[in-house]
Amino acid sequence: MFSGVVELAKAGVPVFQAAYGQANKESGVANRLDTKFNLGSMNKMFTAVAVAQLAERGQLSYEDPLSKFLPDFPDSDSAKKIKIKHLLSHTSA
């Protein structure tokens, strides 16, 4: 019943890859290793976990301003006020 792609890696090197099920059930197109999936709001969760891991390692802080990572942001005043915590919580500075 699973429909998707599986990849297992060891030390960053793939050791198993397989595609299962259909990418489009209406047309019967099968999933492939390069099938693009629309994850929708799940991307927010993956991003939050990645940011939390970077914060845990001391590579960034929730208090870091956007300008630290995007120095050429078009609105430099806003980039100094917007912090990582604002981006994760969808709040304003």
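Above this text sits the structure in question.
Residues numbered from 1 in each chain as written. Predicted model: local features only at pLDDT ≥ 70, side-chain atom pairs only at ≥ 80, totals over all residues. Heavy atoms only, no water.

**A closer look at the overall build of the protein**
We count it as follows: Comment: elements are numbered from the N terminus, with helices defined as DSSP H or I runs of at least four residues and strands as E runs of at least two. When we talk radius of gyration, it's over C-alpha atoms, and the globule rule is simply 2.2 Å times the number of residues to the 0.38. Exposure classes here rest on a 1.4 Å probe applied to the protein chains alone. A residue is buried below 20% of its type maximum, exposed above 50%, and partly exposed in between. Contacts are residue-level and defined by heavy atoms, with any inter-residue pair within 4.5 Å sufficient. Per-residue and other accessible areas follow the Shrake-Rupley method at a 1.4 Å probe size, with only the shown protein chains counted as cover for residues. In this tally, Lys and Arg are treated as positive and Asp and Glu as negative; His is ignored, and so are the chain termini. For this purpose, a charge sits on NZ of Lys, CZ of Arg, CG of Asp or CD of Glu.
When helices and strands are tallied, the protein shows three helices and four strands. In the protein, the succession of α and β elements from N to C terminus is β-β-β-β-α-α-α. For 93 residues, the compact-globule estimate of 2.2 N^0.38 gives 12 Å, and the C-alpha radius of gyration of the protein, at 19 Å, exceeds that figure by more than 25%. A buried classification covers 12% of the 93 residues belonging to the protein. Across the protein, contacts joining residues at least 24 apart in sequence account for 13% of those joining residues at least 6 apart. Counting only carbon and sulfur atoms, one obtains 57% of the accessible surface of the protein, whose full area is about 7,400 Å². Looking at the protein, you have 11 positive and 9 negative side-chain charges, and the mean spots of the two groups are 3 Å apart.

**Notes on the side chain of Thr 35**
The criterion, for reference: Polar contacts here mean pairs of N or O atoms no more than 3.5 Å apart (in protein, one a potential hydrogen donor and the other a potential acceptor; neighbouring residues in sequence count only if both atoms are side-chain atoms).
Its location among the elements puts Thr 35 in the loop between strand E4 (29–30) and helix H1 (42–56). A polar atom in the side chain of Thr 35 sits 2.6 Å from the backbone nitrogen of Arg 32.

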